[in-house]
Amino acid sequence: MQRTIHRPHLLARPVLVALAATVALTATSCAKSEDDASDSKKSPAAAADAGQKVVTPKPGGKTCTIDAYGGKKLDLKGATVGFSQSEKEANPFRIAETQSIKDEAAKRGVELLTANAQSQFSKQISDVQDLLAKGADLLVIAPLNSDGWDPVLQAAAARKVPIVTIDRKINATACKDYVSFIASDFVEQGRRAADQMIEATGGKGEVAILLGAAGNNVTTERTKGFKERVAEKAPGLKVVFEQTGDFTREKGQQVTEQLIQSKPGIKGIYAENDEMGLGAVAALKGAGKKAGDVEIVTVDGTRNAVQGIVDGWITGVIESNPRFGPLAFETLDAFTQGKEVPQDVVIQDSAYDAGNAEQDLGKAY
């Protein structure tokens, strides 16, 4: 458990109307993966463009207030926020996500407690319980799994501690068990990945899916969106192989090595995150394949994956922006002041392909 204390030194920013309209929030620093050879720094313009943007909420969208939730108003500057990270920070997405939370806490002068579950769900449950025991007034959770959160939800409710979840959803009741869920539209990500695959393959041939980890909504929804769009637009494109790569590069490589043996004529691979896609690239290289022999479409937007497009090994990348810090704290700030916040805050993601990968490499993380 790490404690990062940031003494209040800045006035709290005005609560943005952006939670009810399309906005761009300035990104904080973004981290590189361990094997990123590039030491180039982003330009200020690239950094600004890389921030999360919110999709305009639909009229009548459900909201939450502190009165409805049962909490109490407080000044965010004087609060202690607990952040629970789910996975080992070897994954560039998690590195950037955690750094964004830390940077925003520092900017706002908020005391931040952090914990990392190291990809162990039982540890994440005990981590959050420990954050509560250490006096967290508010919680930001990046869940490893969607189910199994009852012990935490009950403990937080007993202390009237508001919870904001990011990236993955907890299967619970909004504005009762948690305040807001901030994430991308994962079904739409799958659809957009399918569009790129259809264009790259001409809508015909056999393709494989490297599934993310089981037990969370990201995997389920990215798969759903991809399959629905393929069935709708390209019935000649057949999904003939599906196996989990657990969102890791090593497992993605192992699964792709099996795929090459069992389906040597495979035309495309849809990897449900960049790390698995990069593992697939390693497997194809190891098998003597050339760049472009197999179309690869991934989801995330890491620097290495976008560089993979530039190098010709990856066809396209659908962004899933990990810089949750500004939006998470903006939501908490509005909520603790007694204002309405959306129960679902949906991020608008960009995409990379051969047409923009090189010029937009600075936006990747």
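Our subject is the structure that appears above.
Source: prediction; values computed, not measured. (Residues numbered from 1 in each chain as written. Predicted model: local features only at pLDDT ≥ 70, side-chain atom pairs only at ≥ 80, totals over all residues. Heavy atoms only, no water.)

## Let's talk about the packing of helix α4 (residues 121-133) against helix α5 (residues 150-159)
Each packed pair of helices is defined by two parameters, the angle between the axes and the distance between the axes.
Consideration 1: Contact geometry for α4 and α5: axes closest at 9 Å, N-to-C directions at 10°. Judged by the angle between their axes, α4 and α5 are roughly parallel. Contact with α4, carried on its side by I125, V128, Q129 and L132, involves P151, V152, A155, A156 and R159 of α5 and no other residues of that element.
Consideration 2: Residues of the contact of α4 with α5, tallied by class, amount to 7 nonpolar, 1 polar and 1 charged. (Axes fitted to C-alpha atoms, helices over the stretch in contact; angles between N-to-C directions. Helix = DSSP H or I, 4+ residues; strand = E, 2+ residues; numbered from the N terminus. Parallel < 35°, antiparallel > 145°, perpendicular 65-115°, else oblique. Contact = heavy atoms within 4.5 Å. Nonpolar A, V, L, I, M, F, W, Y, C, P; charged D, E, K, R; others polar.)

## Concerning the packing of aromatic side chains
In this description, an aromatic ring pair is defined by two values, namely the gap between the centres and the angle between the planes.
Consideration 1: The tally for this structure, following the rule as stated, stands at 4 aromatic pairs.
Consideration 2: Their ring planes at 70° and their centres at 6.2 Å tell us that F93 and Y365 sit as a pair that is edge-to-face. Pair noted here: F93 is in helix α3 (residues 92-108) and Y365 is in the segment after β16 (351-352), with a separation of 272 residues, a long-range link. (Phe/Tyr/Trp six-rings, centres within 6.5 Å; stacked < 30°, edge-to-face > 60°.)

## Some remarks on the environment of G245
Consideration 1: Relative to the elements of secondary structure, G245 occurs in the loop between β10 (237-244) and α8 (249-262).
Consideration 2: With relative accessibility at 1%, the residue G245 sits in the buried group.
Consideration 3: C-alpha of G245 to C-alpha of L211: the two residues are 34 residues apart in sequence and 5.8 Å apart in space.
Consideration 4: Look past the residues within four positions of G245 in its chain and what remains in contact with it is L211, K251, G252, V255 and M276. (Buried < 20%, exposed > 50% of the residue type's maximum accessible area, 1.4 Å probe, protein only.)

## Observations regarding the pairing of strand β8 (residues 180-184)
Consideration 1: In terms of burial, β8 is a largely internal element, 5 of the 5 residues being buried.
Consideration 2: Examined bridge by bridge, strand β7 (residues 163-166) and β8 share 3 bridges and lie parallel to one another. In the sheet register, I166 faces β8, and the bridge partner there is I182.
Consideration 3: Taken together, the 4 bridges between β8 and strand β15 (residues 344-348) define a ladder with parallel strand orientation. Considered in β15, the bridge of F181 is made with D344. (Pairing = 2+ DSSP bridges.)

## A word on α5
Consideration 1: Within the span of α5, buried status applies to V152, L153, A155 and A156. Here the buried residues of α5 occupy an arc of 165° about the axis, which is enough to place them on one side. Away from its buried face, by an angle of more than 90 degrees, α5 presents the exposed residues D150, Q154 and A158.
Consideration 2: On its buried face, α5 is in contact with α4, β6 (138-141) and β7.
Consideration 3: Once α5 finishes, K160 follows within two positions and takes phi at roughly 55°, a positive value. (Arc of directions from axis to C-beta.)

## Considerations on the layout of surface pockets
Consideration 1: Of the volumes computed, that of the second largest pocket is approximately 360 Å³.
Consideration 2: Taken together, 14 residues line the second largest pocket, and the ones lying closest to its centre are E87, S119, D246, F247 and T248.
Consideration 3: Residue composition of the lining of the second largest pocket, grouped by class: 4 nonpolar, 4 polar and 6 charged. (1 Å grid on protein atoms, 1.4 Å probe; cavity = no way out; pocket = protein on both sides within 12 Å on 5 of 7 lines; lining within 4 Å. Points joined across faces, edges and corners; volume = space filled by probe spheres on them.)

## Points about the packing of helix α6 (residues 186-201) against helix α7 (residues 217-233)
Consideration 1: Across the interface, α6 lies against α7 with an axial gap of 7 Å and an inter-helix angle of 45°. The angle between α6 and α7 places the two elements in the oblique class. Like other packed secondary-structure pairs, α6 and α7 cross with a definite hand, here right-handed. Across the interface between the two elements, F186, V187, Q189, G190, R191, A193, A194, D195, M197 and I198 from α6 touch N217, V218, E221, R222, G225, F226, E228, R229, V230 and K233 from α7. (Left-handed = near helix turned anticlockwise from the far one by under 90°.)

## Some thoughts on the nonpolar core
As a rule of thumb, soluble globular proteins bury nonpolar side chains together.
Consideration 1: Counting 61 residues, the largest nonpolar core has L139, W149, I163 and I314 as its most contacted members.
Consideration 2: Of all the elements, helix α9 (residues 274-286) adds the most residues to this core, at 6 residues.
Consideration 3: The contacts of L139, once residues within four sequence positions are left out, are G82, V128, L131, L132, V161, P162, I163 and V164.
Consideration 4: In terms of nonpolar packing, the next biggest core, distinct from the first, is built from 25 residues, L76, L138, I182 and A328 among them. (Core = buried A, V, L, I, M, F, W, Y, C linked by side-chain atoms within 4.5 Å.)

## Quick word on the state of the cysteines
Consideration 1: Under the definition given, this model contains 1 disulfide.
Consideration 2: Each disulfide pairs two cysteine sulfurs, and for C64 the partner residue is C175, the sulfurs being separated by 2.1 Å. Sign of the S-S torsion, about 80° for the bond between C64 and C175, identifies this disulfide as right-handed. Within this pair, whereas C64 is found in strand β3 (residues 63-64), its partner C175 is found in the loop between β7 and β8, the two being separated by 111 residues in sequence. (Disulfide = S-S within 2.5 Å.)

## A few points about α4
Consideration 1: Its 13 residues place the ends of α4 19 Å apart at the C-alpha level, agreeing with the 18 Å of an ideal helix rising 1.5 Å per residue.
Consideration 2: Every buried residue of α4 is listed here: F121, Q124, I125, D127, V128, L131 and L132. Buried residues of α4, viewed axially, fall in a sector of 160°; they line one side. Across from the buried face of α4, at angles greater than 90 degrees, the exposed residues are S122 and A133.
Consideration 3: Where the residues of α4 are buried, they touch β4 (80-85), β5 (111-116), β6 and α5. (Expected span 1.5 Å × (residues − 1).)

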